Amino acid sequence: MKNIDSYNHVRGESIYLDDIPLQAETLYAAVYDSPIAHGKIKTLDMSEAKNAKGVIRILTAKDIPGENQIGGIVPDEELLADTHVHFCGMPIALIIADSEEHARLAVKKIKATFEPLPVITDPRVAKEKGELIIPPRTFQSGNIETAWKDCSYIFEGRADTNGQEHLYIETQGAYAIPQENGAIRIYSSTQGPTAVQRTAARVLGVPMNKLEVDTTRLGGGFGGKEDQATAWAVLCALASFHLKKPVKYSLHRMDDMRMTGKRHPYSSDFKIGLNKDLKILAYEAVFYQNAGAAADLSPAVMERTLFHCTNSYFVPNVKATAYSCRTHLPPNTAFRGFGGPQGMFVIEAAIAKAADELKIPASSIQEKNLIRTGEEFPYGQKADSEANECWQKTDELYQIKKLQEEINHFNASSDQYKKGMAIMPVCFGISFTKTLMNQARSLVHVYTDGSVGISTGAVEMGQGVNTKILQVAARIFSIEPSRIKINTTNTWRIANTSPTAASAAADLNGKATEIACMQILERLKKIAIEECVVTADIDKTEIPPFELKDEWIYINGKKTEWTWNKLVMAAYIKRVSLSELAHYTPPGIHFDPSKEKGHPFAYHVYGTAIVSVTVDCLRGIYEIDNVKVVHDFGKSMNTIVDLGQCEGGIVQGIGWMTMEEIVFDKDGKLRSNALSTYKVPDIYSVPKEITIHALETKRDNLAIFRSKAVGEPPLMYGIGAYFALRNAILAFNPNANIKFDAPMTPEKVLLNLYNEKSDQDMENGQSKSG
Ligand code: MTE
Ligand code: LUZ
Ligand code: MOS
């Protein structure tokens with residue numbers, strides 16, 4: 001089934017925040033944000049701005065009736081800076097004017113002076129200074145200290161990954177409209193309508209039930225609107241609260257890039273130990289997460305880094321420690337993969353380093369160490385592993401050895417161009433790592449004409465969750481999909497929702513919908529049995545098995561004269577409820593942070609990708625030739641949507657690893673602040689070929705109709721692009737001293753093509769291998 005939004009999308013008829021018809025007297029907001037990364041506000045002169053054309057009011061921290069606090073996990077983030085600023089782009093004042101243009105012009109008329117304070121941009125420096133968001137955490141299994149003694153080879157190194165700009169096509173924005181009795185309706189481009197509601201209630205000092213947050217869909221979120229859509233929505237609500245007028249704020253691209261957080265950059269140290277058979281016996285990692293100036297979701301992101309620090313491998317002795325480091329950058333936040341990709345990059349770097357030193361392909365280490373069913377992850381959960389199946393299927397379909405030989409052959413006969421390939425296995429846990437967040441509700445109404453309306457907590461952001469939820473209802477009721485409508489996500493209809501995140505929205509909200517539909521169906525079934533038996537000419541003493549098929553009712557396998565419509569009407573006449581609100585939470589998940597052990601994930605998603613690239617060794621530029629994947633879909637309920645998620649995730653992952661380069665200067669100012677200085681993959685830079693084999697896996701799991709979550713895992717295949725480029729460079733320059741420092745931009749490729757390991761590097765390399 002096609003994505004239900006596809007028709008409207010191509011005709012430009014889908015409704016995003018900016019398409020909501022404006023009410024009369026709507027006002028417009030714009031933020032005056034900090035021009036420096038850290039300092040004390042000395043003076044704030046708003047007189048000229050106040051008198052500027054069209055300006056209605058300027059609000060600051062002093063105008064907040066409730067708490068000036070938007071921190072979700074840790075209360076450490078002000079909505080509007082009061083006395084100090086902690087990052088460039090931190091909102092200080094909110095200007096409300098009669099037009100967008102007037103609001104933006106007035107921003108330029110605000111004059112502030114600051115007493116600058118020291119700026120930290122490097123997470124290692126922050127850690128040295130004790131600037132931590134939360135205490136460090138360590139995941140441990142086996143006994144790392146004794147394990148080193150059994151290792152034949154030990155390698156150490158450092159690996160860095162940079163941030164990533166979400167670049168959702170629709171920027172952050174919100175529109176607040178006052179209602180009677182102090183209520184406010186907030187349209188918000190958010191992945192977390194409840195987060196907006198909860199935080200707005202806190203800031204305004206009103207109960208949550210006064211706030212109706214409504215979201216039709218997002219033009220992309222990718223994690224950037226899990227938490228960070230909230231501030232803009234609350235600012236609009238604040239202005240609307242004071243002025244009793246509708247207030248809208250939709251950010252310009254450069255404002256969005258400057259003021260919002262991104263994927264967390266990480267700097268990490270690793271130590272890996274292998275035995276003679278290339279089994280990884282021990283792995284130690286220390287992660288320095290660049291959290292930015294406030295916690296935001298950093299503690300949860302850091303936690304997922306630890307969960308995924310061994311990727312798809314079984315390592316018997318592990319010690320992984322993570323520090324969430326406070327710097328003076330905009331608070332970094334959720335981004336597809338949520339810390340998982342950062343953790344996986346480090347172990348892949350460790351394996352690549354070991355492979356280099358041992359002069360063997362990394363794949364021979366990777367394959368040997370894939371986790372098997374029954375083996376334990378460092379956090380105590382036993383794997384139901386498809387890692388080997390995915391790898392073997394990849395080999396069978398695409399022939400790893402033959403591909404490598406073709407590349408070697410090409411490289412032997414080409415001077416200017418060199419090819420490289422890398423294999424990237426992925427294992428990603430599905431569930432919010434915070435167990436309590438794994439819950440959802442669905443409200444299903446069947447109307448008397450047989451049409452169906454559904455509301456859930458899921459937010460559609462292009463990933464197709466509404467299509468999947470619709471498919472669930474269509475399957476349970478066995479009615480035409482066109483008779484079902486998925487309604488907006490709204491906090492007055494569905495309360496206390498978790499954000500649409502962790503790839504779990506279709507599972508959680510789909511299962512809740514399944515339960516609601518089943519309950520309505522049970523009631524309909526009873527009526528059918530009471531009403532149809534005569535017409536179906538069946539012995540009344542038997543309990544006739546009931547079936548609804550393509551809108552017709554079958555009793556004991558016989559088609560009756562009853563249709564879905566007729567049955568629905570009969571239920572209504574009998575005063576039987578045609579509505580249901582169902583609740584779902586996955587069974588069996590738990591985690592104990594005091595021991596760092598448990599069973600946090602409902603299941604894992606597995607896959608293997610081969611990424612091949614060609615480097616132009618004269619210019620340093622490159623192409624991604626192909627990405628060949630075997631992906632564990634469980635049993636996909638929508639292959640068009642799921643393949644789209646894979647392709648999009650892969651390209652986004654490749655972008656992070658290759659061309660997307662976030663640059664902050666030492667003063668904490670974003671230099672890559674526009675699309676002219678921040679390059680994302682376009683149609684010319686995507687892989688020339690992406691082949692995805694949908695591996696149908698049969699293990700029982702908690703996925704909706706066994707269709708496994710697919711939103712985030714494919715992004716991590718993109719990590720293969722980094723290592724493929726590295727291998728191509730090494731084919732040209734075997735002595736290249738390539739740091740594990742993503743992204744591998746063409747500049748870095750060029751430098752690496754012509755750099756040499758110094759004598760000292762060589763010595764270090766040798767002394768480290770045991
Ligand atoms: N796909 C599109 N088109 N747009 C998005 O913003 N976000 C990704 C992924 N795929 C995203 C997307 C992220 S970060 C997540 S967590 C999942 O979708 C969330 O949706 P799901 O839980 O329904 O998979
Ligand atoms: N958000 C969250 C997430 O709050 N918890 C998670 O575990 C998670 N995982 C992936 C993406 N977003
Ligand atoms: Mo996705 S990072 O869980 O929004």
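Keep in mind that what you see is a predicted model, and the values were worked out from it rather than measured.

1. A short note on the sheet that holds strand β23 (residues 558-563)
At step 1: Within the open sheet, the three strands sit side by side as β21-β22-β23. Their pairing is antiparallel. Pairing within the sheet leaves two strands with one partner each, and these edge strands are β21 (546-549) and β23. Geometrically, the sheet is characterised by an average inter-axis angle of 35° between neighbouring strands, direction not taken into account.
At step 2: Two elements, strand β22 (residues 552-555) and β23, share three bridges in a ladder whose sense is antiparallel. Counted as the bridge partner of Ile555 is Lys558 from β23.
At step 3: Docked against the sheet, helix α15 (residues 505-532) engages β21, β22 and β23, running at close to 110° with respect to β21.
At step 4: Its contacts with the sheet put helix α16 (residues 564-573) on β21, β22 and β23, and the angle it makes with β23 is roughly 55°.

2. Things to note about the site of ligand 1
At step 1: If you check the shell around ligand 1, you find 18 residues, and the closest are Gly221, Phe222, Met461, Ala505 and Gln645.
At step 2: Note that an oxygen atom of ligand 1 is positioned 2.9 Å from one of the backbone N or O atoms of Phe222.
At step 3: Contact distances for ligand 1 include 3.4 Å between an oxygen atom and a backbone N or O atom of Ser503.
At step 4: Summarising the interface, the protein chains cover 91% of the accessible area of ligand 1, which totals 520 Å² for the free molecule.
At step 5: Split into classes, the residues belonging to the shell around ligand 1 amount to eight nonpolar, eight polar and two charged.

3. Considerations on the sheet that holds strand β14 (residues 280-292)
Backbone-to-backbone hydrogen bonds pair the strands of a sheet. The strands run either parallel or antiparallel.
At step 1: Read across the sheet, six strands follow the order β7-β15-β14-β13-β8-β30 without closing on themselves; strand pairing throughout is mixed. Of all strands in the sheet, those bounded by a partner on one side alone are β7 (137-141) and β30 (740-741).
At step 2: Examined bridge by bridge, β7 and strand β15 (residues 317-326) share five bridges and lie antiparallel to one another. Following the sheet pairing, Ser141 is matched in β15 by Val318.
At step 3: Each of β8 (153-161), β13 (266-274), β14 and β30 touches helix α10 (residues 340-358); the most contacted strand, β8, lies at about 135° to it.

4. Topic: the pairing of β15
At step 1: With eight of ten residues buried, β15 lies mostly within the body of the structure.
At step 2: Where β14 lies against β15, ten bridges are found, and the strand directions are parallel. Pairing of Val286 across the sheet is with Thr321, part of β15.
At step 3: Crossover handedness for the path β14 to helix α9 (residues 298-307) to β15: right-handed.

5. Some details on helix α6 (residues 193-204)
At step 1: When the terminal C-alpha atoms of α6 are compared, their 16 Å separation across twelve residues agrees well with the 16 Å that a helix rising 1.5 Å per residue should span.
At step 2: A large share of α6 lies buried, amounting to ten of its twelve residues.
At step 3: Its buried side turned inward, α6 meets β10 (184-188), β11 (211-215), α7 (230-243) and β20 (489-490).
At step 4: Directly after α6, the chain includes Gly205, whose backbone phi takes a positive value near 70°.

So, how was this worked out
Residues numbered from 1 in each chain as written. Chains lettered and ligands numbered in written order. Predicted model: local features only at pLDDT ≥ 70, side-chain atom pairs only at ≥ 80, totals over all residues. Heavy atoms only, no water. Pairing = 2+ DSSP bridges. Helix = DSSP H or I, 4+ residues; strand = E, 2+ residues; numbered from the N terminus. Axes fitted to C-alpha atoms, helices over the stretch in contact; angles between N-to-C directions. Contact = heavy atoms within 4.5 Å. Near = heavy atom within 4 Å. Polar contact = N/O pair within 3.5 Å; in protein donor to acceptor, adjacent residues only side chain to side chain. Areas by Shrake-Rupley, 256 points an atom, 1.4 Å probe, with all protein chains shown as cover. Nonpolar A, V, L, I, M, F, W, Y, C, P; charged D, E, K, R; others polar. Buried < 20%, exposed > 50% of the residue type's maximum accessible area, 1.4 Å probe, protein only. Right-handed = clockwise from strand over helix to strand, strands pointing away. Expected span 1.5 Å × (residues − 1).

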